[in-house]
Amino acid sequence: MGFIIGGIVCVLYAAVVYFIAVKRPPAIMRIMKKKLGGKISDNGAAIVAYVFASIALAGGIVLFVLPGVL
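Keep in mind it's a predicted model, so treat the numbers as computed, not measured.

Engineer: Help me understand the environment of L63 in this model?
Structural biologist: Among the structural elements, L63 can be located in helix α3 (residues 42-69). On the basis of relative accessible area, L63 is assigned to the partly exposed category, the value being 22%. Counting along the chain gives 54 residues from L63 to V9, while the straight-line C-alpha distance between them is 10 Å. Setting aside residues up to four positions removed in sequence, L63 forms contacts with F3, G6, G7 and C10.

So, in structure tokens, the structure goes:
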């Protein structure tokens, strides 16, 4: 049951981060750029968001499949 909950959380996180990367709200992009060192463009921050969302989505898929394998 814990794997399924973890998978759902990972997929929801990925969806939120993909939404942020697509819509690029100025306030959130400003926070992301500040956390990434401040010397990155909006496009660079969006690419970082896509990468982390993809990692979270892959982790969510693994957590969904893992109980069936074990």
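Having seen the model, we can carry on.
Engineer: Looking at this structure, I do not really get the packing of aromatic side chains. What am I missing?
Structural biologist: How two aromatic rings sit relative to each other is set out by the distance from centre to centre and by the angle between their planes. If you walk through the whole model with that rule in mind, you get one aromatic pair. With 6.1 Å between their ring centres and 45° between their planes, Y18 and Y50 make a pair best called tilted. One end of the pair, Y18, is in helix α1 (residues 2-23); the other, Y50, is in helix α3, with 32 residues separating them in the sequence.

Engineer: Explain the pattern of salt bridges here, please?
Structural biologist: For side chains bearing opposite charge, pairing can occur when the charged atoms are close. All told, the structure shown has one salt bridge when counted by the stated rule. A salt bridge links D42 to K33, with the nearest nitrogen and oxygen atoms 3.3 Å apart. Judged by relative accessible area, which is 38%, D42 ranks as partly exposed. Accessibility expressed as a relative area gives 25% for K33, which makes it partly exposed.

Engineer: Got a minute to help me understand α3 in this structure?
Structural biologist: Since the α-helix packs 3.6 residues into each turn, any two residues three or four apart lie on the same face. The terminal C-alpha atoms of α3 lie 40 Å apart, and with 28 residues this matches the ideal 40 Å at 1.5 Å per residue to within 8%. Of the positions making up α3, those classed as buried are G44, A45, A46, A49, A53, A56 and G60.

What counts, and at which threshold
Residues numbered from 1 in each chain as written. Predicted model: local features only at pLDDT ≥ 70, side-chain atom pairs only at ≥ 80, totals over all residues. Heavy atoms only, no water. Helix = DSSP H or I, 4+ residues; strand = E, 2+ residues; numbered from the N terminus. Buried < 20%, exposed > 50% of the residue type's maximum accessible area, 1.4 Å probe, protein only. Contact = heavy atoms within 4.5 Å. Phe/Tyr/Trp six-rings, centres within 6.5 Å; stacked < 30°, edge-to-face > 60°. Salt bridge = Lys/Arg side-chain N within 4 Å of Asp/Glu carboxyl O. Expected span 1.5 Å × (residues − 1).

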